[in-house]
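Per-entry structural report
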Amino acid sequence: MGLRESPYSSHFLGGLDAVCRELLYPSYWLLSQLLALQQTTAEKQELRSRKCPPPHALEVLAKGPFLLLLLVLYVPFCLLGLLLWLPLQAARRPFAYQHTPRQASPEEWALPGTGKAFHFVSANLCLLPDGLAKFSNLAQTQWRAAHIAQALVQAARHAVLPHKGSAGSGTRKGCREQKSRATESSPLRTCPGSPATDTHVAVKGPLQEGEAPLPREITASFPPNMDFLCLQEVFDQDAISCLLRLLGPHFEHILYDVGTYGLLGCSSFKLLNSGLFLASRYPLLEVQYHCYPNSRGEDTFAAKGLLCVQVQLAASQGQRIVGYMNCTHLHAPETDGQVRCDQLTMALGWAQAFQETHAQAGDIVAFDVFCGDLNFDNCSPDDKREQAHEIFSVYTDPCRVGPGQDEPWALGTLMNSQAIYDEAVATPETMKRTLEHSEGRKKYLAGPVQASACPDLSAPRSEGRRIDYILYREHQSPAGLKTVVGKVFFITQLASCSDHIPVGLQLLVTPVAQPGA
């Protein structure tokens, strides 16, 4: 029995939720437009380039009171929607699921035999309502969502098409429609066959001592063989609908709208979900979400937590070959290191309990990945607590040497948000060229944070704040699978669309010859 798509067990409850959301939407939109009156650096630059620009203060004075008046007038309808919507959350599962059916079933993976390559991408997209996105110097959430989805679709199409050709123009559609719901599947079919048909690899074993260090690749486009996408800060419902519509034909299984609302399951009132969005080319067997109960400050209103997923990769001689994905977004304020440490400890316990609960006798675990925006780095003096957390003794960070020391090729993933529109980093190609040089990294990547919570761009031996992670660990199994890191990607495709640099990881999973075999 597969996962139910709707987060509600009945169509009536799902319809009532849709009605309540429609009642709440105008107030949500008006408040977002009111906050969006602030300008990004790009908007300021564009205004200065005009010959006779109208003063921005005049626009604020003209629009602000009008938007505020409409918001106040709509408050009674908003309260009505809220009173109807909040009790519904007790009946809501904390995630929605989109399945785009295909004919293929999990392929046979003969063990011992050839290995397989699995590709993971983690990215913070900052797809917040326009008004909140402005605080990160970003705007046009709907346009950015469409642009990001097109980039991901382009990479996915490149992976599955056997020859070069025109890929069609369906992905140029905007994100204004709100047609994707929990029970909707996209009719498009551009990914024939089972997933990962081109991922068999011939790898003899793990890297040996004395071999060349792990390669880093700074790439201007997403890797073409993405199997799993773990996205953070996908909050805006219109942006979610856009991603579902465009990614659905290429990723058969998508989890979205992850998190709890209201007071359910968390210690404080939640207006936003967790922002987590997971897309997989492989079937999902089990899914579980946990909300962090210790949020503070601006993070109080978002249901940040841990999403645990068990996926079926293949079968071998009647045994399931499974993988585990653990996706999260930790507490943001820089000075709350203890909060993040507590969240990591909870996440480790939840992930272990999830795997113990849903494992079956004879399961072969190909990978166990922990990824997301952890909001701390391995170079800031103020992050020493997190850098020494036990998670790094359980999972392996391929970019890390030890606490406070990264591999020399590792790259920061947080941009200097005030400079994201500079010509040197405004496009994927220019950003790639800029970040290939130490001076460019020093200028455009956010520097280490001191105890005063101020970036220290002069800190020695720093390649910027690497706060986006993809960690992995091996599981002992009778099949003797060995995990080798093939490549680590730092992806500049989202130049000017996010203040984070997406990261990618290629894992090569290979059988190890048994003694006496």
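None of these values were measured; they are calculated from a predicted model.

Thoughts on the overall build of the protein
Regarding its fold elements, the protein presents 11 helices and 16 strands. Scored against the burial criterion, the 517 residues of the protein give a buried share of 55%. Of the contacts formed within the protein by residues at least 6 apart in sequence, a portion of 79% connects residues at least 24 apart. Counting only carbon and sulfur atoms, one obtains 58% of the accessible surface of the protein, whose full area is about 22,800 Å².

Remarks on a nonpolar patch on the surface
Where nonpolar side chains cluster on the molecular surface, the patch consists of Leu31, Leu35, Leu132 and Phe135 and spans about 350 Å² of accessible area. Here Leu132 shows up in helix H4 (residues 130-133).

Some remarks on the sheet that holds strand S10 (residues 319-329)
Within the open sheet, the five strands sit side by side as S8-S9-S10-S11-S14. Their pairing is mixed. Two strands lie at the open edges of the sheet, namely strand S8 (284-291) and strand S14 (468-473), each paired on one side alone. Sheet twist, expressed as the mean angle between neighbouring strand axes with direction ignored, is 15°. Here helix H7 (residues 337-358) sits on the sheet and contacts S8, strand S9 (305-316), S10, strand S11 (364-373) and S14; the angle it forms with S9, its principal contact strand, is near 35°.

So, the side chain of Asp299
Along the chain, the position of Asp299 falls in the loop between S8 and S9. A polar contact of 3.4 Å, which involves the side chain of Asp299, links it to the side chain of His331. Residues within four places of Asp299 in sequence aside, it is in contact with Lys270, Lys304, Leu330, His331, Ala332 and Pro333.

Some remarks on the layout of surface pockets
Taken as a whole, the second largest pocket spans an internal volume of roughly 920 Å³. Of all elements in the fold, only helix H1 (11-35), helix H2 (41-49), helix H3 (56-88) and helix H5 (141-160) reach the threshold of two or more residues within the lining of the second largest pocket. Broken down by element, the lining of the second largest pocket gets its largest block of residues, five residues, from H1.

Describing the packing of aromatic side chains
Centre distance and the angle of the planes are the two values used to describe a pair of aromatic rings. Evaluated as defined, the whole model comprises 15 aromatic pairs. Centre to centre, the rings of Phe228 and Tyr282 are 5.7 Å apart; their planes meet at 20°, and the pair counts as stacked. Here the residue Phe228 occupies a position in strand S5 (residues 228-234), and Tyr282 occupies one in the loop between strand S7 (277-280) and S8, the gap between them amounting to 54 residues. Across this residue pair, the class does not change: Phe228 and Tyr282 are buried. Taking 5.7 Å as the distance between ring centres and 20° as the angle between the ring planes, the aromatic pair formed by Tyr292 and Trp350 counts as stacked. Taken as a pair, Tyr292 in the loop between S8 and S9 and Trp350 in helix H7 lie far apart in primary sequence, 58 residues in all. A relative accessible area of 2% places Tyr292 in the buried class. Each residue in the set Phe118, Phe120, Phe228, Tyr282 and Phe367 is aromatic and connected to the rest through ring pairs, giving one cluster. Over the ring of Phe392 we find Arg400; its NZ or CZ atom is 3.9 Å from the centre of that ring.

With respect to the pattern of salt bridges
The full count for this structure, using the stated rule, is 18 salt bridges. Between Arg466 and Asp397 there is a salt bridge, with its nearest N and O atoms 2.9 Å apart. With Arg466 in the loop between helix H11 (438-444) and S14 and Asp397 in the loop between helix H9 (391-394) and strand S12 (400-402), this pair connects stretches of sequence that are 69 residues apart. Just as Arg466 is buried, Asp397 falls in that class too. Connected through shared salt-bridge partners, Asp17, Arg21, Arg92 and Asp257 make up one network.

Concerning unusual backbone geometry
Phi at Asn137 takes a positive value of approximately 65°, unusual for a residue other than glycine. Following the sequence through the fold, Asn137 ends up in the loop between H4 and H5. A residue is classified by how much of its surface remains accessible, and Asn137, at 4% relative accessible area, is buried. Here the phi dihedral of Asp257 falls at roughly 50°; this positive angle occurs in a residue that is not glycine. Its location among the elements puts Asp257 in the loop between strand S6 (253-256) and S7.

A few points about the packing of H1 against H3
Between H1 and H3, the shortest axis-to-axis distance is 8 Å and the interhelical angle comes to 155°. Relative to H3, the element H1 is oriented roughly antiparallel. Our pair here, H1 against H3, has a crossing hand that is left-handed. Of the residues in the contact of H1 with H3, the class split is 20 nonpolar, four polar and three charged.

Notes on the environment of Tyr444
In this structure, Tyr444 sits in helix H11. Considering only alpha carbons, one finds Tyr444 and Met415, 29 residues apart in sequence, at a separation of 6.0 Å. The residues touching Tyr444, leaving out its near neighbours within four places in the chain, are Met415, Asn416, Ala419, Asp422, Ala424, Val425 and Thr434. Of note is the side chain of Tyr444, whose polar atom sits 3.5 Å from the side chain of Lys443.

Observations concerning H1
Taking 1.5 Å per residue, 25 residues should reach 36 Å; H1 reaches 35 Å between its end C-alpha atoms and fits that length. The largest bend in H1 comes to about 35°, at Leu24, with the proline Pro26 one to four residues further on. Along its buried surface, H1 packs onto H3 and H4.

Describing the confidence of the model for the protein
Scored by pLDDT, the protein has a mean of 85; 83% of the residues are at 70 or more. Note on residues 160-211: pLDDT under 50 across the span, and 93 contacts to partners over four residues away in sequence or across chains.

Topic: the nonpolar core
Among the nonpolar cores identified, the biggest contains 64 residues, and Leu255, Leu307, Met325 and Phe367 are the most heavily contacted of them. If we skip the residues at most four places from it in the chain, Met325 touches Phe120, Phe228, Leu278, Leu307, Cys308, Val309, Phe367, Val369 and Cys371. Counting residues in each nonpolar core, the second largest holds 35 residues, with Ala151, Leu244, Phe489 and Leu494 among its members.

Considering the pairing of strand S15 (residues 481-491)
Among the 11 residues that make up S15, nine are buried, leaving the element largely enclosed by the rest of the structure. As defined by bridge partners, strand S4 (residues 216-219) adjoins S15 across four bridges and the pair is classed as parallel. Of the residues in S15, the one forming a bridge with Glu217 is Phe489. Pairing of S15 with strand S16 (residues 503-511), which is carried by nine bridges, proceeds in the antiparallel orientation. By the bridge assignment, Phe490 is partnered in S16 with Val503.

What counts and what doesn't
Residues numbered from 1 in each chain as written. Predicted model: local features only at pLDDT ≥ 70, side-chain atom pairs only at ≥ 80, totals over all residues. Heavy atoms only, no water. Helix = DSSP H or I, 4+ residues; strand = E, 2+ residues; numbered from the N terminus. Buried < 20%, exposed > 50% of the residue type's maximum accessible area, 1.4 Å probe, protein only. Contact = heavy atoms within 4.5 Å. Areas by Shrake-Rupley, 256 points an atom, 1.4 Å probe, with all protein chains shown as cover. Patch = residues over 30% accessible without salt bridge, like charges linked within 9 Å, V, L, I, M, F, W, Y side chains within 5 Å. Salt bridge = Lys/Arg side-chain N within 4 Å of Asp/Glu carboxyl O. Pairing = 2+ DSSP bridges. Axes fitted to C-alpha atoms, helices over the stretch in contact; angles between N-to-C directions. Polar contact = N/O pair within 3.5 Å; in protein donor to acceptor, adjacent residues only side chain to side chain. 1 Å grid on protein atoms, 1.4 Å probe; cavity = no way out; pocket = protein on both sides within 12 Å on 5 of 7 lines; lining within 4 Å. Points joined across faces, edges and corners; volume = space filled by probe spheres on them. Phe/Tyr/Trp six-rings, centres within 6.5 Å; stacked < 30°, edge-to-face > 60°. Lys NZ or Arg CZ within 6 Å of the ring centre and 35° of its normal. Parallel < 35°, antiparallel > 145°, perpendicular 65-115°, else oblique. Left-handed = near helix turned anticlockwise from the far one by under 90°. Nonpolar A, V, L, I, M, F, W, Y, C, P; charged D, E, K, R; others polar. Expected span 1.5 Å × (residues − 1). Bend = angle between axes of the 7 residues up to and from the residue. pLDDT = per-residue confidence, 0-100. Core = buried A, V, L, I, M, F, W, Y, C linked by side-chain atoms within 4.5 Å.

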